[in-house]
Amino acid sequence: MPSLRHSYTVTVPEDPAALPCDRPEMRRRSHPLSRSVLVSTFMGLIINQAKNKSLQGLVGLKNLGNTCFMNSILQCLSNTLELRDYCLRNGHITDLNNNCRSNTALIEGTMTDSEPVDLFNLKPCTSVKSSKNVSLYSQQDAQEFLRFLLDGLHNEVNRVTVRPKVSVLDFDHLADDEKGRRMWNMYLAREDSKVVDLFVGQLKSSLTCTACGFRSTVFDPFWDLSIPIAQKSSGEVTLKDCLRLFTKEDVLDGEERPTCTKCKARRKCTKRFSIQKFPQVLVLRILSSHLCILIFPEKRPVYNLYAVSNHSGNALGGHYTAYCKNPALGEWYSYNDSRVSPMSSSQVRSSNAYVLFYELATPSHSKYQTCRL
């Protein structure tokens with residue numbers, strides 16, 4: 001996954017009333033937090049939650065000024081069963097690459113009863129020297145923070161210690177499935193971790209020339225998908241409608257015309273996306289609000305919703321919360337910073353849904369599972 005090349009910041013209004021999570025008494029100077037600190041803090045959060053088994057991880061996170069975006073994503077990830085077990089069973093220690101082995105001591109934070117956790121009270125074990133950081137106390141985008149954190153965790157536990165040089169190979173003569181498989185193996189030769197096992201899929205992009213009929217295909221790994229909102233004159237917009245729109249064939253004409261490899265000239269073409277390899281955990285980012293959450297399409301593979309990062313407000317600011325299905329109890333809970341409360345599954349349907357987390361209902365042990373929507 002490409003690293004974020006800069007800190008991401010969303011300008012927020014000066015009026016504290018516009019941001020429920022930006023209380024005047026909590027405003028402080030911007031505090032940069034490195035990705036390595038966030039990664040170890042996340043692992044420490046999971047381990048600390050497990051220390052008190054009666055809580056089953058039902059512990060809130062204090063808002064440190066404007067950190068609801070972070071709290072929302074951390075709660076969604078801490079309720080990702082396989083990632084949670086990976087940390088609790090010390091799988092991440094086994095997989096720590098050579099750059100990280102000198103610092104393997106996990107966080108020894110404190111958590112008693114059901115008190116909310118203050119992330120600054122957790123003692124992080126920084127194991128990766130990284131210039132990438134996120135600025136606390138200013139509103140951030142939850143999806144970008146998710147990518148930032150997963151990228152850091154992946155880099156710590158990447159099973160590949162010496163990355164081979166990138167070689168340009170000609171796969172155009174191969175059938176699409178074989179081409180996709182080989183390109184996936186090339187990706188794993190450089191990026192191979194438990195995080196990749198869980199979160200990374202493969203996207204297929206097909207470009208067809210309307211003049212000569214030549215079709216070219218490109219296969220790229222993805223960590224999440226940004227889904228547009230389908231427009232309907234009447235009735236409820238479902239997630240299936242939005243996925244159909246995402247995979248709908250588009251026409252590239254006029255200034256958008258690409259150069260056809262066969263014609264050697266700019267031609268009118270059609271372009272279409274499809275999912276070549278489905279990940280174990282499918283993360284969908286909704287590009288607009290007003291979407292009622294429904295289950296994934298009934299056709300195989302089947303995914304179950306288990307966590308949602310919600311955003312209320314607008315592009316300039318707002319507030320993040322999380323709805324998560326506890327993997328141990330099988331019940332839904334609402335996480336609003338330090339407040340954790342039970343909720344019914346029917347309440348998960350919300351127009352504030354922003355990042356959706358789905359888990360494959362029947363996990364496959366295959367390294368490469370080809371499916372279609």
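Residues numbered from 1 in each chain as written. Predicted model: local features only at pLDDT ≥ 70, side-chain atom pairs only at ≥ 80, totals over all residues. Heavy atoms only, no water.

- Where an unreviewed UniProt entry is consulted, the protein appears under the name ubiquitinyl hydrolase 1, with the organism given as Neolamprologus brichardi.
- Per UniProt, the protein has the following entry under Catalytic activity (unreviewed entry): "Thiol-dependent hydrolysis of ester, thioester, amide, peptide and isopeptide bonds formed by the C-terminal Gly of ubiquitin (a 76-residue protein attached to proteins as an intracellular targeting signal)." (UniProt positions renumbered as here; feature names shortened; annotations may be inferred.)

**Quick notes on the overall build of the protein**
So, step 1. From N to C terminus, the protein includes eight helices and 15 strands.
So, step 2. For the protein, the proportion of its 373 residues judged to be buried stands at 50%. (Helix = DSSP H or I, 4+ residues; strand = E, 2+ residues; numbered from the N terminus. Buried < 20%, exposed > 50% of the residue type's maximum accessible area, 1.4 Å probe, protein only.)

**Section: helix 3 (residues 81-88)**
So, step 1. Every buried residue of helix 3 is accounted for by L83, R84, Y86 and C87. Buried positions in helix 3, seen along its axis, are confined to an arc of 160 degrees and lie on one side of it.
So, step 2. Looking one or two places after helix 3, you find N90, whose phi comes out positive at around 60 degrees. (Arc of directions from axis to C-beta.)

**A short note on the environment of K194**
So, step 1. As for its position among the elements, K194 is in helix 7 (residues 194-199).
So, step 2. Linking K194 and L83, residues 111 residues apart in sequence, is a C-alpha distance of 8.0 Å.
So, step 3. Once residues lying within four places of it in the same chain are set aside, the contact partners of K194 are E82, Y86 and R159. (Contact = heavy atoms within 4.5 Å.)

**Some thoughts on the packing of aromatic side chains**
So, step 1. Scanning the model with the defined rule gives six aromatic pairs in all.
So, step 2. Relative to Y303, the ring of F278 lies with its centre 6.0 Å away and its plane at 45 degrees, an arrangement referred to as tilted. Residue F278 is found in the loop between strand 9 (269-277) and strand 10 (281-286), and its partner Y303 is found in strand 11 (residues 303-314); the two are separated by 25 residues along the sequence.
So, step 3. Residue class for F278 comes out buried when judged on its relative accessible area of 2%. (Phe/Tyr/Trp six-rings, centres within 6.5 Å; stacked < 30°, edge-to-face > 60°.)

**A word on the pattern of salt bridges**
So, step 1. Counted under the stated rule, the structure contains 11 salt bridges.
So, step 2. Between R215 and D176 there is a salt bridge whose closest N-O contact spans 2.9 Å. With R215 in strand 4 (residues 215-222) and D176 in helix 6 (residues 176-188), this pair connects stretches of sequence that are 39 residues apart.
So, step 3. Here R215 falls in the partly exposed class, since its relative accessible area comes to 43%. (Salt bridge = Lys/Arg side-chain N within 4 Å of Asp/Glu carboxyl O.)

**Here we look at the sheet that holds strand 9**
So, step 1. Judged by pairing direction, the sheet is antiparallel, and its four strands sit side by side in the order 4-3-9-6 without closing on themselves. Looking at the sheet topology across the chains shown, the edges are occupied by strand 4 and strand 6 (250-252). Strand-to-strand, the axes of this sheet are offset by a mean angle of 30 degrees, without reference to chain direction.
So, step 2. In the sheet, strand 3 (residues 201-209) pairs with strand 4 via eight bridges, with the strands oriented antiparallel. (Pairing = 2+ DSSP bridges. Axes fitted to C-alpha atoms, helices over the stretch in contact; angles between N-to-C directions.)

**What to know about the environment of L81**
So, step 1. Assignment of secondary structure puts L81 in helix 3.
So, step 2. Once the C-alpha coordinates of L81 and N326 are considered, the two residues, 245 residues apart in sequence, prove to be 8.8 Å apart.
So, step 3. Sequence-distant contacts of L81, that is, excluding residues within four places in its chain, are made with P327 and E359.

**Looking at the sheet that holds strand 13 (residues 332-336)**
So, step 1. Reading across from one edge, 5-10-15-11-12-13-14 is the order of the seven strands in this open sheet, with mixed pairing throughout. Either end of the sheet is taken by a strand with one partner, and the two such strands are strand 5 (225-227) and strand 14 (339-343). Neighbour-to-neighbour, the strand axes of the sheet open up by a mean angle of 25 degrees, direction not taken into account.
So, step 2. As paired elements, strand 11 and strand 12 (residues 317-325) share eight bridges and run antiparallel to each other. Bridged to N310 within strand 12 is T321.

**Here we look at the environment of F148**
So, step 1. Note that F148 resides in helix 5 (residues 142-157).
So, step 2. Taking C-alpha positions, F148 is 9.4 Å from L38, a pair spaced 110 residues apart along the chain.

**Some points on the pairing of strand 10**
So, step 1. Counting buried positions over the six residues of strand 10 gives five, a clear majority of the element.
So, step 2. The pairing of strand 10 with strand 15 (residues 353-360) spans five bridges and is antiparallel. The partner of L284 across the bridge, within strand 15, is L356.

**Focus on a negative patch on the surface**
So, step 1. There is a patch of like negative charges on the surface, built from E249, D250, D253 and E256.
So, step 2. Within the secondary structure layout, E249 lies in the loop between helix 8 (239-246) and strand 6.
So, step 3. Taking the relative accessible area as the measure of exposure, E249 reaches 42% and is therefore partly exposed. (Patch = residues over 30% accessible without salt bridge, like charges linked within 9 Å, V, L, I, M, F, W, Y side chains within 5 Å. Areas by Shrake-Rupley, 256 points an atom, 1.4 Å probe, with all protein chains shown as cover. Lys, Arg positive; Asp, Glu negative; His and termini not counted. Charge placed at Lys NZ, Arg CZ, Asp CG, Glu CD.)

**Overview of the nonpolar core**
So, step 1. Grouped together as the largest cluster of nonpolar side chains are 48 residues, with contacts concentrated most on F42, L77, F199 and F357.
So, step 2. At eight residues, the largest contribution of residues to this core is made by helix 5.
So, step 3. Each residue touching F42, except ones within four places of it in the same chain, is listed here: L74, L77, S78, L83, L149 and L153.
So, step 4. Among the nonpolar cores identified, the runner-up in size contains 27 residues, and Y303, L305, V348 and L360 belong to it. (Core = buried A, V, L, I, M, F, W, Y, C linked by side-chain atoms within 4.5 Å.)

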